[in-house]
Amino acid sequence: MSGIWGNNIKVSIFGESHGNAIGITIDGLPSGIELDLNKVDDEMKRRAPGRSKLSTPRKEGDVPEILSGFFEGKTTGTPLCGMIRNRDTRSKDYGKLKDLMRPGHADYTGNIRYAGFNDYRGGGHFSGRITAPLVFAGAICKQILEAKGIYIGAHVKKIKSISDESFDYTDISRELLDELRKKELPLLKPEKEEEMRKVILEAKSNGDSVGGVIECGVIGIEAGLGDPFFDSVESTLSHLLFSVPAVKGVEFGLGFDIVELYGSEANDEFYYKNEEVKTRSNNNGGVLGGITNGMPIIFKCAIKPTASIIKEQNTINIREHKNESLIIEGRHDPCIVQRAIPVVEAVCAIGILDLVKGRYGWEL
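Residues numbered from 1 in each chain as written. Predicted model: local features only at pLDDT ≥ 70, side-chain atom pairs only at ≥ 80, totals over all residues. Heavy atoms only, no water.

An unreviewed UniProt entry lists the protein chain under the name Chorismate synthase, with Clostridium paraputrificum given as the organism. Heading Pathway (unreviewed entry) of the UniProt record for the protein chain holds this comment: "Metabolic intermediate biosynthesis; chorismate biosynthesis; chorismate from D-erythrose 4-phosphate and phosphoenolpyruvate: step 7/7." Reading the Sequence similarities (unreviewed entry) entry of the UniProt record for the protein chain gives the comment "Belongs to the chorismate synthase family." (UniProt positions renumbered as here; feature names shortened; annotations may be inferred.)

Here it is in structure tokens:
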């Protein structure tokens, strides 16, 4: 297998959910970049478990130890490695899962792919816990991008069947994105929060789970970023987004809804505003021909309901080759949408920085 991604910067993840540690190495960062570790910590806390009734009670501080590539407050230009210790593990909760395959998880496919040598505790390397290092890397990439005026932010678009409103695709402010980061359930319509919480907690009390949709925006992007076909903005970001556990769908701009429009409605008409090229709508999500047009990049991710639920389910015992029932024990999220938001922002930042370096080097 390969745990490495990237063309112009490269990230390499390592670790398992119940192993000693998880982490990531970032290769290709410039030297002399000053990093605010308090901002990194803020991003880690947004994803960390055990901070709300809406998430798993597993307690992890998720404080990264920087092992290399950082000296006297600045990047050295050599590979930067961050490691996060696993402390609150209960591997005994997963003993029977060596043979019983959890529905909706990668237990079966992982067992087949790695001939039974995979670490099955807590999902091992397939676990959503491995997204913590991605948030660490994304927090660093965000700081580099923000120094150049590029900002990334997201909100909960939907929990189950309850929807928030969408971003204004043509006008997203930095202030709005900053405000959304401060909220546990970041919404554009705060009055929807109580209803969403109720749905999540009802699922939790029933031993079940719910999913949702995350909408993300990128502002401050100039026109001309990306390439047609294989290294398009959409393909680059989608590659990373689909690497996040539980992401089952990605769409840009209006996505699938654009098929309901005529071409005259779907096309984003151009105009000049103070010598800048703008579009009157942004149905294509800021990308045309795989290349940014200078408008906000807009995309949505579908996050499936958490696969680990305590309701009895049917499955197979691969050691005895028979059908069995399964009740999953342990500590699990009734909904992971709110914790996935910083992960989606993080991988977006990694992808955008890779594209930016590919076009400009570090002379942005």
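## Here's the deal with unusual backbone geometry
Not every positive phi belongs to a glycine, and F229 is a case in point at roughly 65°. Residue position: F229 is located in the loop between β10 (212–219) and α6 (233–241). Taking relative accessible area as the criterion, F229 reaches 69% and is therefore assigned exposed. The phi dihedral of N274 falls on the positive side, at around 50°, and the residue is not glycine. As for its position among the elements, N274 is in the loop between β12 (270–273) and β13 (276–279). (Helix = DSSP H or I, 4+ residues; strand = E, 2+ residues; numbered from the N terminus. Buried < 20%, exposed > 50% of the residue type's maximum accessible area, 1.4 Å probe, protein only.)

## Side note on the sheet that holds β10
One open sheet holds the 5 strands; their spatial order is β9-β8-β10-β16-β11, and the pairing between them is antiparallel. The open sheet has two free edges, formed respectively by β9 (162–163) and β11 (247–252), since each of these has just one partner strand. Across 5 bridges, the pairing between β11 and strand β16 (residues 297–303) is antiparallel. Paired with E251 across the two strands is K300, which belongs to β16. Most of the contacts of helix α4 (residues 174–181) go to strand β8 (residues 151–159), to which it runs at about 60°, and overall it touches β8 and β10. (Pairing = 2+ DSSP bridges. Contact = heavy atoms within 4.5 Å. Axes fitted to C-alpha atoms, helices over the stretch in contact; angles between N-to-C directions.)

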